[in-house]
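# Structural features, examined
Below, each chain spelled out in residue letters.
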Amino acid sequence: TPPLSVPGFGGGPVPGFGSRSASAGSSFSLASEQSQASPGRGTEALEVPVVVAGLEAAARQGPLRVLVVDDGAGSRITVKALLTRENHTVEVAKNGEEALKKVSKALFDVAIINAVLPGMSGGDTAASIREAESSAGTRPMYIIGATSSSDQVDECIAKGMDTTLAKPLKSEELLEKLSHLAAPAGQEVVRNAVKP
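Notes on the structure in this doc start here. Owing to the predicted nature of the structure, the values given are computational and were not obtained by experimental measurement.

The rules behind these values
- Residues numbered from 1 in each chain as written.
- Predicted model: local features only at pLDDT ≥ 70, side-chain atom pairs only at ≥ 80, totals over all residues.
- Heavy atoms only, no water.
- Helix = DSSP H or I, 4+ residues; strand = E, 2+ residues; numbered from the N terminus.
- Buried < 20%, exposed > 50% of the residue type's maximum accessible area, 1.4 Å probe, protein only.
- Contact = heavy atoms within 4.5 Å.
- Areas by Shrake-Rupley, 256 points an atom, 1.4 Å probe, with all protein chains shown as cover.
- Pairing = 2+ DSSP bridges.
- Right-handed = clockwise from strand over helix to strand, strands pointing away.
- Axes fitted to C-alpha atoms, helices over the stretch in contact; angles between N-to-C directions.
- Parallel < 35°, antiparallel > 145°, perpendicular 65-115°, else oblique.
- Left-handed = near helix turned anticlockwise from the far one by under 90°.
- Nonpolar A, V, L, I, M, F, W, Y, C, P; charged D, E, K, R; others polar.

A count of helices and strands for the protein chain gives six helices and seven strands. Ordering the α and β elements of the protein chain from the N terminus gives β-α-β-α-β-α-β-α-β-α-β-β-α. Out of the 196 residues in the protein chain, the part that is buried amounts to 45%. Contacts spanning at least 24 positions in sequence make up 63% of the contacts within the protein chain whose residues lie at least 6 apart. Summed over all atoms, the accessible surface of the protein chain reaches about 9,700 Å², with 53% contributed by carbon and sulfur.

And the structure:
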């Protein structure tokens, strides 16, 4: 079965997303498996379920509040759809400045930040988030950097991110990382609960 991919980012079209060209900066996409809708569901539409080992355990745990920061609209849409399908609450930002505004107004458990963003880099965005958390005395969020080189990995970790995932992000790797962060209902998510 063909992988789910975002147009303009190294893959073919995803049904319903149309086509677009790559924008300034870089972005990430998710790869997952596609399958037809279950028979008897009364729909002709193609659904895109994500097949993930260990997903049942994640589904039993409480949802996370996730901030996705990426300059690519297709990547934001894809990641939000994946995480929303897994019952997480997701907000998106197209750059570091927009992410900081969202962080100033709401608490998030996790941020997934593209290392390369127009204007403020992903690393600088993470450093600013850490500074704001320290000043406000709020619980630190778990920050995952989406990277495409070892230099980006080093910068992201040095600037306060907890871990990184290689781009294009694979849905099963991202969901596995989040499954370790999701707390049982009624308990607080603990930062650094995931191995880097």
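The next thing to look at is the pairing of strand β6 (residues 163-166). One face of the sheet, then the other: side chains in a regular strand alternate in exactly this way. As paired strands, strand β5 (residues 142-147) and β6 are joined by four bridges and run parallel to one another. Bridge pairing in β6 links Thr147 to Ala166. Each parallel crossover has a hand, and for β5 linked through helix α5 (residues 150-158) to β6 it is right-handed.

Another aspect to go through is the packing of helix α3 (residues 96-105) against helix α4 (residues 122-136). Packing of α3 against α4 leaves a shortest axis separation of 10 Å and a crossing angle of 20 degrees. Judged by the angle between their axes, α3 and α4 are roughly parallel. In the crossing of α3 with α4, the sense of the turn from one axis to the other is right-handed. Residue-level inspection shows Gly96, Ala99, Leu100 and Val103 of α3 in contact with α4, the latter providing Thr125, Ser128 and Ile129. When grouped by side-chain class, the residues that make up the contact of α3 with α4 number four nonpolar, three polar and no charged.

All we've got here are geometric facts, nothing functional implied.
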